[in-house]
Amino acid sequence: MKYWRINSFYKFISAKWVQSTILDEIKRYLWRREYLCPDFDKTQTITSPDNRAYKLKKVWNEDGSIFSLFIENTSHWNCSHGLSEPQIVKLIQDYFKLNRAIWYYLETLNDIEDTKISRTHRKIAPLEIKNHIDLWKRNQIPPKPDILEIGTYDYQQTDIYYGLKTQFKSFLDFWTSCLYWVSSGEFESTDLSIYASQDSYDLKNGSCIPMNINELEEIIKELRTKDNTLSNPSTIYLMRKDWNDKMYVLEYDDRFIMHHWHTAE
């Protein structure tokens, strides 16, 4: 990976003081964890205890509410032993979670995911899902998605659900229904208000990574075997990206389809 991007939501109106001090705060946080942090200018790097080098860059969105920290992989750290990101990324994620009084950690993106998002305007994003869930009423029940197929478990399973646009007016409506009802091949209602009390964003609520048709060619072919009237989808998002629990939502002219592959292995 070339870099990782950590996005966090700043909870207060004015961010001017935080904008000027945030990198120094993170530097002190890393220094206490045995990282060498001489400075954060363009010519100097942060060195990890295992002698890996990284550079940091900060970006605030236009209204100053979402802070992005870029961690550049200058020493070419590679994935190994099942790790998808180095320790420094995990530590900085934890910094925002530990400082939850002022920060709401949203997501960590690798350079490939970040490039996809920058090229394709997100129809749905973690902060939008968070805000929607925050307003969810405890007795509110969304319509159920329809079942296209529930697979048979044989070390793994694929389940497919859909919702017509006459019933679900937006991508967010359909995804909220899936969060509420879908649980590994079964319909089990979930109290979404529980998620509103969480201190950081749970990626099970939606990773929101745009995908292209070529990346999901096999899944699109699979869906056509279930319904041969389907054309190509207009939008595809990877909504859950755990290695053993993957959810894709595809938007068509008249419906949304959720493809869920999961395994307990």
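Residues numbered from 1 in each chain as written. Predicted model: local features only at pLDDT ≥ 70, side-chain atom pairs only at ≥ 80, totals over all residues. Heavy atoms only, no water.

Draft legend 1. Structural detail: the pattern of salt bridges. Summed over all chains, the structure comprises 18 salt bridges. Across the pair Arg 255 and Asp 254 runs a salt bridge whose closest N-O atoms are separated by 3.0 Å. By relative accessible area, Arg 255 is classed as buried at 14%. Among the residues examined, Asp 254 registers a relative accessible area of 37% and is labelled partly exposed. Several salt bridges share partner residues, and in doing so they unite Lys 204, Arg 240, Asp 242 and Asp 245 into one network. (Salt bridge = Lys/Arg side-chain N within 4 Å of Asp/Glu carboxyl O. Buried < 20%, exposed > 50% of the residue type's maximum accessible area, 1.4 Å probe, protein only.)

Draft legend 2. Fine view of empty space enclosed by the protein. Taken as a whole and judged by the stated rule, the model has one cavity of 30 Å³ or more. In this structure, the largest cavity encloses a volume near 40 Å³. Elements that contribute at least two residues to the lining of the largest cavity include exactly α4 (126–134) and α6 (193–196). The dominant element in the lining of the largest cavity, judged by the number of residues it contributes, is α4, at three residues. Considered class by class, the residues forming the lining of the largest cavity number five nonpolar, one polar and two charged. (1 Å grid on protein atoms, 1.4 Å probe; cavity = no way out; pocket = protein on both sides within 12 Å on 5 of 7 lines; lining within 4 Å. Points joined across faces, edges and corners; volume = space filled by probe spheres on them. Helix = DSSP H or I, 4+ residues; strand = E, 2+ residues; numbered from the N terminus. Nonpolar A, V, L, I, M, F, W, Y, C, P; charged D, E, K, R; others polar.)

Draft legend 3. The side chain of Asn 73, seen in detail. With respect to the helices, strands and loops of the structure, Asn 73 is situated in the loop between β4 (66–72) and α2 (87–98). For Asn 73, a relative accessible area of 4% puts it in the buried group. Not counting chain neighbours up to four residues away, the residues in contact with Asn 73 comprise Met 1, Lys 2, Tyr 3, Trp 4, Ala 53 and Tyr 54. (Contact = heavy atoms within 4.5 Å.)

Draft legend 4. Up close: the environment of Ser 170. Checked against the element boundaries, Ser 170 lands in the loop between β7 (157–164) and α5 (171–181). On the basis of relative accessibility, which here comes to 27%, the residue Ser 170 falls in the partly exposed class. For the pair Ser 170 and Arg 255, spaced 85 residues apart in sequence, the C-alpha separation works out to 9.8 Å.

Draft legend 5. Geometry of the sheet that holds strand β2 (residues 46–47). Pairing is antiparallel in the open sheet, where five strands are placed in the order β2-β3-β4-β1-β5. Each end of this open sheet is capped by a strand with a single partner; those strands are β2 and β5 (103–110). Here two bridges tie β2 to strand β3 (residues 53–60), and the two strands are oriented antiparallel to one another. Bridging from a neighbouring strand, Thr 47 pairs with Ala 53 of β3. Taken strand by strand, α2 contacts β1 (3–10), β2, β3, β4 and β5, and its axis lies near 160 degrees from that of β5. Those strands touched by helix α3 (residues 111–119) are β1, β4 and β5, and its axis lies near 100 degrees from that of β5. (Pairing = 2+ DSSP bridges. Axes fitted to C-alpha atoms, helices over the stretch in contact; angles between N-to-C directions.)

Draft legend 6. Representation of the pairing of β1 in the model. With seven bridges joining them, β1 and β4 adopt antiparallel strand pairing. Bridge pairing in β4 places Phe 9 opposite Ile 66. Where β1 and β5 come together, seven bridges link them in antiparallel fashion. By the bridge assignment, Trp 4 is partnered in β5 with Asn 110.

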